[in-house]
Amino acid sequence: MQLPGAPIELAANTRAIVLGDLHIGSEFCERNLFLGLLRIMPPGMMLILNGDIVDPVRWEELNYGNQELVRAIRDESLRRPVIWNEGNHDGVLRYDDPGRIQFVRHCFITGRVAIMHGYSTPGTWTPVRRLGRLFRMLVRIWIELGGTRAHHAYYARKVRFIFRILCAQVTVRGIDMARSLHVPAVICGHSHAPADMIVGGIRYLNHGPWTEPEVYCLVVTPSDLRLVKVRDLIRSGIEDTGK
């Protein structure tokens, strides 16, 4: 998969839903909520998938339901612009019929916000990645021994020093990207920690994952940038959040 090295630029008046860390293929993926969100998106609104949309599996390893979820994203690209930012889990999947999905490393809305997964940020610290792989392996062993069945991020939050390292790494690199692109805000994922805060004069937002009971996304309109609960959004409608 050939991806552009530089961020792609989107118009300042872009209207979009931004989400990430969907983890299609995981038993914890909130697939029905995702399909519900797609159903209420108004025509013309862009869908920006901010990395880790699938777990690191090959197409043939996904069950039929998960393959249909990927096809739903493909079908959505025939109705609206769909951008898929690279995450650390997405590179394994090879899908022969991507429709009009635009696969990129990251993107930014002119003068407004950078959008990046966080893992693929320049300068990601290799020892942190290795620590993450080791931790995921230990979680799998723990679950096999009878531990609570949950995504590994659930356990990471219980080991606070690991979770703080991950969150700080993603935050710092996201802020650096925003400054390099001369935008006042950045949207990241990867850390599985929803956030909306000011760091060093830059607004840092994180949409969090779709593997937890409470799921968030970002609604971007020409006048607003808002972190919202997906269940609330489905109940109230997307147009209501942009006012």
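Just so it is clear, the model here is predicted, and its values are computed rather than measured.

*Asks:* How should the sheet that holds strand β9 (residues 195-199) be read in this particular structure?
*Replies:* Sheet strands associate in pairs through backbone hydrogen bonding, adopting either a parallel or an antiparallel arrangement. What the six strands build is an open sheet, ordered β1-β6-β7-β8-β10-β9; its pairing is mixed. In this open sheet, the two edge strands, each paired with only one partner strand, are β1 (8-10) and β9. Ignoring which end each strand starts from, the neighbouring axes of this sheet average 20° apart. Judged from the four bridges that link them, strand β8 (residues 185-188) and strand β10 (residues 202-206) form a sheet pairing that is parallel.

*Asks:* Please explain the nonpolar core as it appears in this structure.
*Replies:* Buried together is how nonpolar side chains tend to be arranged in soluble globular proteins. Counting 33 residues, the largest nonpolar core has Ile 17, Leu 19, Ile 24, Phe 34, Leu 37, Leu 49 and Trp 210 as its most contacted members. Contributions of two or more residues to this core are made by β2 (16-19), α1 (31-40), β3 (46-50), α2 (64-77), β4 (82-85), β11 (216-221) and α6 (230-236). Setting aside residues up to four positions removed in sequence, Leu 37 forms contacts with Ile 17, Leu 19, Trp 210, Cys 217, Val 230, Leu 233, Ile 234 and Ile 238. Membership of the second largest hydrophobic core comes to 18 residues, among which are Leu 10, Ile 83, Ile 109 and Ile 115.

Cut-offs applied
Residues numbered from 1 in each chain as written. Predicted model: local features only at pLDDT ≥ 70, side-chain atom pairs only at ≥ 80, totals over all residues. Heavy atoms only, no water. Pairing = 2+ DSSP bridges. Helix = DSSP H or I, 4+ residues; strand = E, 2+ residues; numbered from the N terminus. Axes fitted to C-alpha atoms, helices over the stretch in contact; angles between N-to-C directions. Core = buried A, V, L, I, M, F, W, Y, C linked by side-chain atoms within 4.5 Å. Buried < 20%, exposed > 50% of the residue type's maximum accessible area, 1.4 Å probe, protein only. Contact = heavy atoms within 4.5 Å.

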